[in-house]
Amino acid sequence: MCGIIGYIGGDDALPILREGLSNLDYRGYDSAGIALAGSSMDVYKKQGELSALTSILPERSTATAGIGHTRWSTHGEPTDANAHPHTNESGDVAVVHNGIIENYDTLKTELESRGHEFTSETDTEVVPHLVEEELASGLGLVEAVSAVVERLEGSYAFAVVAAGHDGIVATRRGNPLVLGHADHGAFLASDVPAFVEHTRRVSYPEDGDIVHLTEAG
Ligand code: GLU
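Residues numbered from 1 in each chain as written. Predicted model: local features only at pLDDT ≥ 70, side-chain atom pairs only at ≥ 80, totals over all residues. Heavy atoms only, no water.

### With respect to the environment of Leu179
Along the chain, Leu179 turns up in strand S9 (residues 178-182). Spatially, the C-alpha atoms of Leu179 and Asp123 are 25 Å apart, while their sequence positions differ by 56 residues. When near neighbours in sequence (up to four residues on either side) are disregarded, Leu179 contacts Phe187, Leu188, Phe195, Arg201, Val202, Ser203, Pro205, Val211 and Leu213. (Helix = DSSP H or I, 4+ residues; strand = E, 2+ residues; numbered from the N terminus. Contact = heavy atoms within 4.5 Å.)

Now the structure itself:
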């Protein structure tokens, strides 16, 4: 098990994500990371305890959207490079993922043949590269994630942010995903304790649903 969290709203996303990850630590993990989607995409990730991640995080940020992850390795050792979030080469698409993408090897070979370069041993890393290709073909983020899901086999819950695209897009198949609805923002997580200090209004997407969290909800 691992944990994912996402937040978008009117507040600094950084402390909300940091506390959310700490609330999910009962699920077990070997690495952790955060992507802040503000005027730039800033990714921080570290193998080991959350305190290792905290030691490289700034105190606060100006980002009002972001995603976070506690990893329980299935593909690749627990290292900084294998920790999530994973990105494409330019670092403008970031993904956190819980679960296993069974056909990642085939997808990775295909992507490499089109020139994509990988920096981790994870199954997850195919997702940001696939999303990048769909965005480059002119799709919006929701449509891009929908198209990518068509290509994936396995079980997963994942969340995506992309520079220049509004909000956080997430989906699930066989792995948990819960949404939290606050007056000024929205949350996603593997489990309610991640954001329970902020809202108790929750909803549960079903397998195959694509959710789009924006500042409006
Ligand atoms: N399969 C992914 C990895 O090994 C995600 C593992 C998880 O659920 O934490 O990085």
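### A short note on unusual backbone geometry
Here the residue pair His84 and Pro85 is connected by a cis peptide bond, since its omega of 5 degrees sits within 30 degrees of zero. Position of Pro85 relative to the elements: it lies in the loop between strand S4 (65-71) and strand S5 (86-87).

### A word on the site of the ligand
The environment of the ligand is formed by 14 residues, the closest being Arg71, Thr74, His84, Gly99 and Asp123. Residue His75 places a main-chain N or O atom 3.1 Å away from an oxygen atom belonging to the ligand. Gly99 is positioned such that a nitrogen or oxygen atom in its backbone is 2.8 Å from a nitrogen atom of the ligand. Burial of the ligand by the protein chains amounts to 98% of its free accessible area of 300 Å². For the shell around the ligand, the secondary structure elements donating two or more residues are S4 and strand S6 (93-101). (Near = heavy atom within 4 Å. Polar contact = N/O pair within 3.5 Å; in protein donor to acceptor, adjacent residues only side chain to side chain. Areas by Shrake-Rupley, 256 points an atom, 1.4 Å probe, with all protein chains shown as cover.)

### Structural notes on the pattern of salt bridges
Here the structure, examined in full by the defined rule, presents 6 salt bridges. Of the charged contacts in the structure, one is a salt bridge between Arg201 and Asp183, with a shortest N-O distance of 2.8 Å. In this pair, Arg201 sits in the loop between strand S10 (185-189) and strand S11 (202-203) while Asp183 sits in the loop between S9 and S10, placing the two residues 18 residues apart along the sequence. With a relative accessible area of 45%, Arg201 lands in the partly exposed category. Salt bridges sharing partners connect three or more residues here, namely Glu110, Arg114, Glu133 and Arg151. (Salt bridge = Lys/Arg side-chain N within 4 Å of Asp/Glu carboxyl O. Buried < 20%, exposed > 50% of the residue type's maximum accessible area, 1.4 Å probe, protein only.)

### Structural notes on helix H4 (residues 126-136)
Every buried residue belonging to H4 is among Val126, Val127, Pro128, His129, Leu130, Val131 and Leu135, and all of these are buried. Positive backbone phi, at 110 degrees, marks Gly138, one or two positions downstream of H4.

### A look at the packing of helix H3 (residues 104-113) against H4
One way to put it is that H3 packs onto H4 with a least axis distance of 10 Å and a crossing angle of 50 degrees. Relative to H4, the element H3 lies oblique. Between H3 and H4 lies a crossing whose hand is left-handed. Of the residues in H4, those touching H3 at Tyr104, Leu107, Lys108 and Leu111 are Val126, His129, Leu130 and Glu133. In terms of residue class, the contact of H3 with H4 is built from 5 nonpolar, 1 polar and 2 charged. (Axes fitted to C-alpha atoms, helices over the stretch in contact; angles between N-to-C directions. Parallel < 35°, antiparallel > 145°, perpendicular 65-115°, else oblique. Left-handed = near helix turned anticlockwise from the far one by under 90°. Nonpolar A, V, L, I, M, F, W, Y, C, P; charged D, E, K, R; others polar.)

### Quick look at the side chain of Thr171
Topologically, Thr171 is positioned in strand S8 (residues 168-173). A relative accessible area of 0% means that Thr171 is categorised as buried. Of the polar contacts made by the side chain of Thr171, one reaches the backbone oxygen of Asp209; its length is 2.7 Å. Apart from residues lying up to four places away in sequence, Thr171 is in contact with Val145, Val149, Tyr156, Ala157, Phe158, Leu177, Gly208, Asp209 and Ile210.

### Observations regarding the sheet that holds S6
Spatially, the 5 strands line up as an open sheet ordered S5-S6-S7-S8-S12, and their pairing is antiparallel. Unpaired on one side and paired on the other, S5 and strand S12 (210-213) mark the two borders of the sheet. Where S6 meets strand S7 (residues 154-162), 9 bridges bridge the pair, whose relative direction is antiparallel. In the sheet register, His97 faces S7, and the bridge partner there is Phe158. On top of the sheet, H4 reaches S5, S6 and S7; it is set at about 130 degrees to S6, its chief contact. (Pairing = 2+ DSSP bridges.)

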